[in-house]
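Single-letter residue listing:
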Amino acid sequence: MGKIELNKVEKWFGDLQVIKGVDLQIEDGEFVVFVGPSGCGKSTLLRMIGGLEETSRGAIVLDGTDVTDKPPHERGLTMVFQSYALYPHMSVADNMGFSLKTSGAPKAEIDAKVGEAARILKLEPFLDRRPKALSGGQRQRVAIGRSIVRDPTAFLFDEPLSNLDAALRVEMRYEIAKLHQSLKSTMIYVTHDQVEAMTLADRIVVLEYGTIAQVGRPRELYENPANLFVAQFIGSPA
Ligand code: ADP
Ligand code: MG
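Quick caveat: nothing in here was measured; it's all calculated off a predicted structure. (Residues numbered from 1 in each chain as written. Chains lettered and ligands numbered in written order. Predicted model: local features only at pLDDT ≥ 70, side-chain atom pairs only at ≥ 80, totals over all residues.)

Caption draft 1: Inspection of the confidence of the model for the chain at higher detail. Looking at the chain, pLDDT values average 93 and 98% of them are 70 or higher. Across the predicted assembly, pTM comes out at 0.93 and ipTM at 0.98. (pLDDT = per-residue confidence, 0-100.)

Here it is as structure tokens:
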């Protein structure tokens, strides 16, 4: 399961309020994209869901359980970032299996999970290589593989493709869409790229300086933007 509810969520950094009472329900298996300009609070909101940032007010509920005060490792979620530090001295397989190993999983289980992730991500030919012998796109796949092996209830992506060149971004966008189709997990994906948002999302959440400007299917937002701010992000005139 991977149902995520945000109830009147607020974030204050000292006197600065960056998330201003956000209500949102995300269904199990949904692909939701947070989009908006730099500084509007996308990463902060995502990090609050993941537990990397404290929630100042309101509640975060996962599958009916209030996790607002739980640390990240007790939430069953995984975060994928744009900077994906792989261990340079370890093989691809060991990079992907490392977190299972440190949590004491038996070798057979680790091998099975790593094998399955490698199959999904088309990394099977590269399992014995070191990260430096991989392309940028392959490295990003290893980073996603590290998340997959842990069977998370949801994936939280913070601009995972923004360090890649344009051609690779398009390819990886397609890979992420396929990943969602095969895993059917809940995914929340932060981007400031409208095209990424339009092509990946079941629903788009447009953030406007700490509040939700509009939530809807890409087509709904495109055809019926709530205001000029949304129209700017979805690329259709208001
Ligand atoms: P986005 O990811 O949409 O670019 P962020 O969530 O990173 O935006 O930031 C939202 C706002 O919160 C910005 O004004 C940013 O400067 C501020 N902010 C983020 N992290 C901190 C922090 N640790 N301390 C103070 N202000 C912060
Ligand atoms: Mg950000």
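Now that the structure has been shown, we can carry on.
Caption draft 2: Geometry of unusual backbone geometry. Positive phi, normally seen in glycine, also occurs at Lys8, with a value near 45°. Inspection of the secondary structure puts Lys8 in strand β1 (residues 4-13). For Lys8, a count of 11 C-beta atoms within 10 Å corresponds to the exposed category. Even without glycine at this site, Tyr209 takes up a positive phi of about 40°. Within the fold, Tyr209 resides in the loop between β9 (203-208) and β10 (211-216). (Helix = DSSP H or I, 4+ residues; strand = E, 2+ residues; numbered from the N terminus. Buried ≥ 20, exposed ≤ 12 C-beta atoms within 10 Å, placed from the backbone.)

Caption draft 3: The site of ligand 1, seen in detail. Close contacts around ligand 1 come from Phe13, Leu16, Val18, Gly36, Ser38, Gly39, Cys40, Gly41, Lys42, Ser43 and Thr44, and that covers them all. Residue contributions to the shell around ligand 1 peak at three residues, all from helix α1 (residues 42-50). In terms of residue class, the shell around ligand 1 is made up of four nonpolar, six polar and one charged. (Near = placed C-beta within 6 Å. Nonpolar A, V, L, I, M, F, W, Y, C, P; charged D, E, K, R; others polar.)

Caption draft 4: Just the sheet that holds β1, in detail. Ordered by their spatial adjacency, four strands build an open sheet running β2-β1-β4-β5, and the pairing between neighbours is antiparallel. Where the open sheet ends on each side, the last strands, each with one partner, are β2 (16-26) and β5 (65-66). Judged from the eight bridges that link them, β1 and β2 form a sheet pairing that is antiparallel. Across the sheet, residue Ile4 finds its bridge partner in β2, namely Ile26. (Pairing = 2+ DSSP bridges.)

Caption draft 5: Examining the pairing of β9 more closely. Where strand β3 (residues 31-35) meets β9, four bridges bridge the pair, whose relative direction is parallel. The residue of β9 that forms the bridge with Val32 is Arg203. When β9 meets β10, the two strands line up antiparallel, connected through five bridges. Within the sheet, the bridge partner assigned to Val205 lies in β10 and is Val215. The antiparallel pairing of β9 with β10 creates a hairpin that spans two residues between the two strands, and Tyr209 there sits at a positive phi of about 40°.

Caption draft 6: Spatial organisation of α1. Looking at α1, one finds that the buried residues are Lys42, Leu45, Leu46, Met48 and Ile49. End-on, the buried residues of α1 take up no more than an arc of 155°, which puts them together on one face. One or two steps after α1, the chain reaches Gly51, where phi turns positive at roughly 90°. (Arc of directions from axis to C-beta.)

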